[in-house]
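Each chain, written out:
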Amino acid sequence: QVQLVESGGGLVQPGGSLRLSCVASGIIFPIYTMNWYRQAPGKQRELVAAATSAGSTVYVDSVKGRFTISRDNAKRTVHLQMNSLKPEDTAVYYCNTKVNSQNYWGQGTQVTVSS
């Protein structure tokens, strides 16, 4: 059973920071790429950041320089540090991984950036 559980969302003012966390179970965590997606109202779900098992990271252009994805394999947790938040970052953020060609998703955590 693969389970991903996100936490850390909330309401923050523009320019503020949040740190999202995702705890994974049911997988050999260190060998899988972990991803953060987000979906804003009226928009498609988009990949925000990814962290591979080899340590590579990728980011969507809109968050480069502001967000940092990291992983703690011992704690089977992936984090998304979100700095300099903007209203356009408002979305439900989802933890994701693909195992044997099947996507798994967390329940999502709401991030709202508003003054």
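Scroll up for the structure.
My aim in this report is to walk through the structure given alongside it, one point at a time. (Residues numbered from 1 in each chain as written. Predicted model: local features only at pLDDT ≥ 70, side-chain atom pairs only at ≥ 80, totals over all residues. Heavy atoms only, no water.)

Re the sheet that holds strand 3 (residues 18–25)
Neighbouring strands of a sheet are bound in pairs by backbone hydrogen bonds; such pairs are parallel or else antiparallel. To keep it simple, the criterion reads: Strand pairing follows a simple DSSP-based rule, namely that at least 2 bridges must link the two strands. Counting from the N terminus, the helices are the DSSP runs of H or I reaching at least four residues and the strands are the DSSP runs of E reaching at least two. Note on geometry: axes are lines fitted to C-alpha atoms, helical ones only across the stretch in contact, with angles between N-to-C directions running from 0 to 180 degrees.
Pairing within the open sheet is antiparallel, and its 4 strands lie in the order 1-3-8-7. At either margin of the open sheet sits one strand with a lone partner, and together these are strand 1 (3–7) and strand 7 (67–72). Taken over all neighbouring pairs, the strand axes of this sheet differ in orientation by 15° on average, direction set aside.

Brief notes about the pattern of salt bridges
Operational definition: Whenever a carboxyl oxygen of Asp or Glu lies within 4 Å of a side-chain nitrogen of Lys or Arg, that contact is scored as a salt bridge. Relative accessible area decides the class of each residue, using a 1.4 Å probe on protein chains only: under 20% of the type maximum gives buried, over 50% gives exposed, and in between gives partly exposed.
Summed over all chains, the structure comprises 4 salt bridges. Of the charged contacts, one joins Arg38 and Glu46 as a salt bridge, the two residues approaching to 2.7 Å between their closest N and O atoms. On the basis of relative accessibility, which here comes to 29%, the residue Glu46 falls in the partly exposed class. Arg66 is the salt-bridge partner of Asp89, the closest N and O atoms lying 2.7 Å from each other. Pair noted here: Asp89 is in the loop between strand 8 (77–82) and strand 9 (91–99) and Arg66 is in the loop between strand 6 (57–59) and strand 7, with a separation of 23 residues, a long-range link. Overall, Asp89 belongs to the buried group, its relative accessible area being 1%. Residue classification places Arg66 among the buried residues on the basis of a relative accessible area of 10%. Among the charged side chains, a network of salt bridges with common partners joins Arg38, Glu46, Arg66 and Asp89.

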